[in-house]
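Descriptive analysis of the structure
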Amino acid sequence: MTENWRDNQEIRIFRDSLRKFLEKEGIPYFNDWEEQRMIPREFWLKMGKNGFLCPWVEEEYGGLGVGFEYSIIISEETMKVGAGMLGIALHSDMVVPYIASYGTQEQKRRWLPKCITGEFVTAIAMSEPGTGSDLAAIKTTSVRAGDFYIVNGSKTFISNGLCSDIVVVACKTEQTNGHKGISLLVVEEGTPGFQRSRKLKKIGLHSQDTAELIFQDCRIPASNLLGEEGQGWKYLMSKLQQERIIVALEAQIMAEGALQLAIDYSKNRTAFGKPISQFQHNAFKVAEMATEVKIGRQFLEHLLINHMKGKDVVTEVSMAKWWITEMCNRVVYQAQQLHGGYGYMEEYEIARYFRDTRAQTMYAGSTEIMKQIIAKKIGLL
Ligand SMILES: Cc1cc2nc3c(=O)[nH]c(=O)nc-3n(C[C@H](O)[C@H](O)[C@H](O)COP(=O)(O)OP(=O)(O)OC[C@H]3O[C@@H](n4cnc5c(N)ncnc54)[C@H](O)[C@@H]3O)c2cc1C
């Protein structure tokens, strides 16, 4: 993996074909999906048909067997359509990796091909009404009974919660206070005792469905255990790194988009006889935004390469996750301010940015939890 991987001809061709696909199949419909609070399965299937879901999965399961750089391109281009598309990367690069890394041959053959075609959409259920940041404190129980696990509990804020066909569920197979007894089970649509509760009404990310999941004496076949019983914490900590990288990347794309919106608007809007961009205060504001956006991109590019090289990047991932998502919030706020009253109107894209960026500092590990990890790594806590 080299610094100039983005210049690779195959990568460029892949990005171009994805862009063309999204111009035809995504952009014209995105506002409707925001209204409908859901991305239709039809779109997922088209993504799958064109090789845009889980391209990294090995060819024997139907994937393209390509590197993470293709996932980066997909995240970037789908994010440019709208942040409500984040469920795509969540499926391809945050959930399916659990199956590919910890699944048995039988599990991989059963689930992976359909994850690639879009026939199966996935979700990951960690957070519960009583706990989010403190993942070790989850209460959902799972008791082995013959060939089944009987699962009881509830999960909340689950992205793809309604549209998913299979959900990786973090639950406690051993009743300990710490993280030792956590296991990962895959629950399939139609499993007795598995219910999707209400679709949550979010202030943003409207086309992304987010839901509560209920498990009431839910009978999950023991053969749906991912990896080893009691090893769930280790698996989560490992895969959460890529999840956080993707969220940082998504925030970076949004910050770059918001900056461009601010530049375009401020050059065209006039006040007191000149473009508002020509007031030194505003020009300096945009200059500050551009500086922060550039710093974010430089840090991220370095991190992406090290992640692809397989280096231990836990500290840098936490730094990127908190700093870039907070930076995106600052940039979006300033870009909206430059739009004046129009920035508060739905027909201006910046209004959606403002709603959508807010959750980025919260999910996938909040800003505070990222700082806690960094402080621990530095040896302070
Ligand atoms: C749009 C959206 C999508 C989501 N998707 C998913 C999903 O697909 N799957 C899933 O499992 N979860 C998902 N989540 C849940 C998300 O991961 C949690 O909201 C997040 O982990 C925070 O947990 P919490 O909401 O329970 O807040 P809490 O843990 O209750 O934290 C509340 C506040 O206290 C702070 N805090 C907590 N502990 C500390 C500490 N030690 N030091 C300092 N401050 C602290 C937090 O940073 C936060 O500011 C999603 C959330 C949202 C908003």
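Residues numbered from 1 in each chain as written. Predicted model: local features only at pLDDT ≥ 70, side-chain atom pairs only at ≥ 80, totals over all residues. Heavy atoms only, no water.

Attention shifts here to the domain arrangement of the chain. Domain annotation for the chain reports domain 1 (5-120), domain 2 (124-229) and domain 3 (234-378). Using C-alpha coordinates to define each centre, domain 1 is positioned 23 Å away from domain 3. Each partner contributes residues to the interface: domain 1 has 23 residues there, and domain 3 has 23 residues. When domain 1 packs against domain 3, close to 2,000 Å² is buried across both sides, 67% of that on carbon and sulfur atoms. At the boundary of domain 1 with domain 3, the tally comes to 3 salt bridges. The residue R297 makes a salt bridge to E76 at a minimum N-O spacing of 3.3 Å. (Domains from an automatic or database assignment. Contact = heavy atoms within 4.5 Å. Buried area = accessible area lost by both parts, 1.4 Å probe. Salt bridge = Lys/Arg side-chain N within 4 Å of Asp/Glu carboxyl O.)

In this structure, F43 and L236 are the most contacted members of the largest nonpolar core, which totals 96 residues. With 17 residues, helix α7 (residues 232-268) is the largest single contributor of residues to this core. If we ignore the near neighbours within four places in the chain, the residues touching L236 are Y98, I124, M126, L135, A170, I182 and L184. Core analysis: the next-biggest nonpolar cluster, separate from the first, contains 17 residues, A123, I158, V187 and I220 among them. (Core = buried A, V, L, I, M, F, W, Y, C linked by side-chain atoms within 4.5 Å. Buried < 20%, exposed > 50% of the residue type's maximum accessible area, 1.4 Å probe, protein only. Helix = DSSP H or I, 4+ residues; strand = E, 2+ residues; numbered from the N terminus.)

This part covers the packing of aromatic side chains. Going through the model one piece at a time under the given rule, you end up with 11 aromatic pairs. Arranged with centres 4.8 Å apart and planes meeting at 75°, the rings of F14 and Y70 form a pair that is edge-to-face. Of the two residues, F14 is situated in helix α1 (residues 9-25) and Y70 in helix α4 (residues 68-81); the sequence distance between them amounts to 56 residues. Just as F14 is buried, Y70 falls in that class too. Consider the rings of F272 and F279, whose centres lie 6.5 Å apart with planes at 85°: the pair is edge-to-face. A relative accessible area of 81% means that F272 is categorised as exposed. Using a relative accessible area of 26% as the deciding quantity, one classes F279 as partly exposed. One aromatic cluster is present, formed by F14, F21, Y29, W33, F43, F52 and Y70 through successive ring pairs. (Phe/Tyr/Trp six-rings, centres within 6.5 Å; stacked < 30°, edge-to-face > 60°.)

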